[in-house]
Amino acid sequence: MSPSRMVLRAALLVVASLLLITAQAPAAKADLLKDILDRGVIRIGTTMDNPPYGSYDAAGKPVGFDIEFGQMIGQAMGVKVEVVSQVMANRIPMLLTKKVDILVSSFGLVPSRALQVMYSEPYTNNLEALWGPASIKITGPNDLGTLKIAAGVGTIQDKALTAMAPKANIVRFDSDATTVTAYVSGQADLMVGPATLAKQVNDAYPQHKLEMKFPLLSGTSHIGVPQGEFTLLQFLNTYIYYLRVNNLLQPLTLKYFGQDLGNLPPF
Amino acid sequence: MTHPLAFHDFVVLLVGLEWTILLSAAAFLGSVILGLVVLALRRSRYAVVRMLAFVFIHVLQGTPLLGLLLLMFFGLALFGYDVAAWVAATIGLSVYGSAFLSDIWDGAVRAVPKGQWEASRALGLSSGLRFRLVILPQAFTISIPPTVGFLVQLLKNTSVASITGVVELSRDAQIVSSSTFEFFRVYAAVCGLYFLLCYPLTWYSRRLETSLKKAR
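**Notes on the interface of chain A and chain B**
So, point 1. Contacts between the two partners involve 40 residues from chain A and, on the opposite side, 33 residues from chain B.
So, point 2. Across the chain A/chain B interface, buried area totals approximately 3100 Å², and carbon plus sulfur atoms make up 66% of it.
So, point 3. On inspection of chain A and its partner chain B, the count reaches 2 salt bridges.
So, point 4. Asp82 of chain B serves as the salt-bridge partner of Lys99 of chain A, at 3.3 Å between the closest nitrogen and oxygen.
So, point 5. Counting every contact that joins chain A to chain B gives 13 residue pairs in polar contact (both at pLDDT 80 or more).
So, point 6. Ranked by residues supplied to the side of chain A that touches chain B, first place goes to helix α1 (residues 3-24) of chain A with 7 residues.
So, point 7. Broken down by class, the residue content of the side of chain A that touches chain B amounts to 20 nonpolar, 13 polar and 7 charged.

Below, the structure written as structure tokens:
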């Protein structure tokens with residue numbers, strides 16, 4: 001047999017066996033909560049370039065609200081936590097393709113997202129707004145003109161601004177970090193993001209001081225749960241309710257946001 | 001929760017560098033092996049097989065690497081295959097690289113003057129020997145600069161793998177820069193590290209090319 005023929009046969013064999021495996025893939029519809037408990041591990045998707053939710057400290061240790069909150073969830077379930085570092089724009093695909101069990105990833109509320117994944121009760125609130133230097137005078141979406149506005153692609157603040165001002169000149173970036181870089185380097189005149197991000201910019205770059213131009217929407221964060229996993233969702237909601245009614249989220253909120261949790265409306 | 005740039009941040013970048021090197025090495029190897037297979041198919045005696053190789057090469061050359069990597073990572077998962085991010089990245093980069101390498105090598109074989117084929121046939125060499133003793137050594141020399149040039153591209157393209165969550169040099173740069181807000185210094189350091197990886201490769205290919213030419 002000639003080499004190319006052998007290769008062809010091998011390739012056909014691989015394709016055939018792949019098809020066979022696909023055909024036999026079990027249509028398992030188990031309960032995710034039970035799976036996690038049996039496994040003893042919960043895989044939590046968190047965005048690690050998104051302080052104060054998820055990042056690394058000077059010693060290289062993961063820190064952030066979502067990291068600590070994820071650990072609390074693991075403890076409450078009595079399972080180990082495996083943090084899966086993910087990219088902001090891939091959060092929903094990671095959940096849909098079962099690469100993570102839940103998202104604890106500053107996951108904000110967008111009704112259209114709820115068609116694909118389920119949201120838990122909110123566990124933080126972080127006002128999303130349009131920010132810019134004092135020199136630019138803006139009072140509402142109609143004043144934006146052709147000013148360049150930096151936004152994280154696919155974030156709730158991006159969606160909110162796009163809905164409010166469809167003609168706005170929005171420049172979209174991969175992460176909050178690159179959004180900030182665009183503003184600080186002068187590539188963009190304004191930026192959208194949560195209040196915590198603006199505070200960090202003001203601490204790091206006093207010469208580029210941001211002030212709020214107008215608010216976009218309340219930035220509640222929720223846990224993302226695969227569609228249909230009601231027992232897991234019910235556990236998470238119960239746990240969040242327990243934390244809130246006993247004021248147990250307050251220390252974490254003060255530590256990472258420097259402010260009160262405030263009055264989080266129930267789901 | 002940002003912190004001032006610390007020594008450990010550089011260590012994080014070095015760990016990322018290590019992953020970039022590993023991913024590049026795996027992708028090089030995968031591209032070369034798969035590239036040889038595609039080259040064999042491309043030069044098959046059966047027109048259908050040649051056509052398949054042709055389609056494979058041109059579809060991959062005409063699609064972005066980013067899309068291919070996302071298809072490998074999320075697409076396979078939709079069919080029930082849970083592929084780890086670095087596995088998806090290695091397969092994606094190898095498939096992508098093989099399309100270019102097989103094309104480069106095919107060109108190198110074609111670039112050997114026709115007279116060489118005819119002369120070696122006149123000497124009574126079998127087709128296998130003709131290829132191995134006469135054509136291959138010459139094609140090899142011709143193919144070195146474009147091959148290494150492409151491998152340098154592939155090395156830099158490993159940064160695209162960060163989209164699948166592989167924490168290599170570029171992803172670490174994103175992570176460190178957003179934890180410190182020191183974008184310019186971090187990215188300057190990262191570009192320097194990529195250069196330190198790529199330049200020796202280019203330099204070595206040039207040396208190899210000259211020494212092979214001399215040997216001829």
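**Some remarks on the pairing of strand β10 (residues 190-194) of chain A**
Residue and element names in this part refer to chain A.
So, point 1. With respect to burial, β10 is a largely interior element, 5 of its 5 residues being buried.
So, point 2. Bridging between strand β7 (residues 128-132) and β10 involves 4 bridges; their strand directions are antiparallel. Looking at the pairing, Glu128 lines up with Pro194 of β10.
So, point 3. Summarising the sheet, strand β8 (residues 148-152) and β10 pair through 2 bridges and their orientation is parallel. Following the sheet pairing, Ile149 is matched in β10 by Leu190.

**Some remarks on the pattern of salt bridges**
So, point 1. Using the criterion set out here, one finds 15 salt bridges over all chains in the structure.
So, point 2. In this structure, Arg244 of chain A engages Glu121 of chain A in a salt bridge whose closest nitrogen and oxygen atoms are separated by 3.5 Å. Remark: Glu121 of chain A occurs in strand β6 (residues 117-125) and Arg244 of chain A occurs in helix α8 (residues 230-245); sequence separation between them is 123 residues.
So, point 3. Owing to a relative accessible area of 16%, Glu121 of chain A belongs among the buried residues under this scheme.
So, point 4. Of the charged contacts, one joins Arg185 of chain B and Glu182 of chain B as a salt bridge, the two residues approaching to 3.0 Å between their closest N and O atoms.
So, point 5. We classify Arg185 of chain B as exposed; its relative accessible area is 54%.
So, point 6. Salt bridges here are not isolated pairs; linked through shared partners, they connect Arg42, Arg43, Asp103, Asp106 and Arg110 of chain B.

**Description of the sheet that holds strand β4 (residues 80-86) of chain A**
Residues and elements named next belong to chain A.
So, point 1. Ordered in space as β4-β1-β5-β12-β6, the 5 strands form an open sheet in which the pairing is mixed. Only two strands of the sheet have a single neighbouring strand rather than two, namely β4 and β6. Across the sheet, the axes of successive neighbouring strands diverge by a mean angle of 30°, strand direction being ignored.
So, point 2. Pairing analysis gives 7 bridges linking strand β1 (residues 41-47) to β4, with the strands arranged parallel. Across the sheet, Val41 pairs through a bridge with Lys80, a residue of β4.

**Regarding a nonpolar patch on the surface**
Residues and elements named next belong to chain B.
So, point 1. Where nonpolar side chains cluster on the molecular surface, the patch consists of Phe195, Leu196, Tyr199, Trp203 and Tyr204 and spans about 590 Å² of accessible area.
So, point 2. Among the structural elements, Trp203 can be located in helix α8 (residues 183-215).
So, point 3. Exposure remark for Trp203: the relative accessible area of 47% places this residue in the partly exposed category.

Rules behind the numbers
Residues numbered from 1 in each chain as written. Chains lettered and ligands numbered in written order. Predicted model: local features only at pLDDT ≥ 70, side-chain atom pairs only at ≥ 80, totals over all residues. Heavy atoms only, no water. Contact = heavy atoms within 4.5 Å. Buried area = accessible area lost by both parts, 1.4 Å probe. Salt bridge = Lys/Arg side-chain N within 4 Å of Asp/Glu carboxyl O. Polar contact = N/O pair within 3.5 Å; in protein donor to acceptor, adjacent residues only side chain to side chain. Helix = DSSP H or I, 4+ residues; strand = E, 2+ residues; numbered from the N terminus. Nonpolar A, V, L, I, M, F, W, Y, C, P; charged D, E, K, R; others polar. Buried < 20%, exposed > 50% of the residue type's maximum accessible area, 1.4 Å probe, protein only. Pairing = 2+ DSSP bridges. Axes fitted to C-alpha atoms, helices over the stretch in contact; angles between N-to-C directions. Patch = residues over 30% accessible without salt bridge, like charges linked within 9 Å, V, L, I, M, F, W, Y side chains within 5 Å. Areas by Shrake-Rupley, 256 points an atom, 1.4 Å probe, with all protein chains shown as cover.

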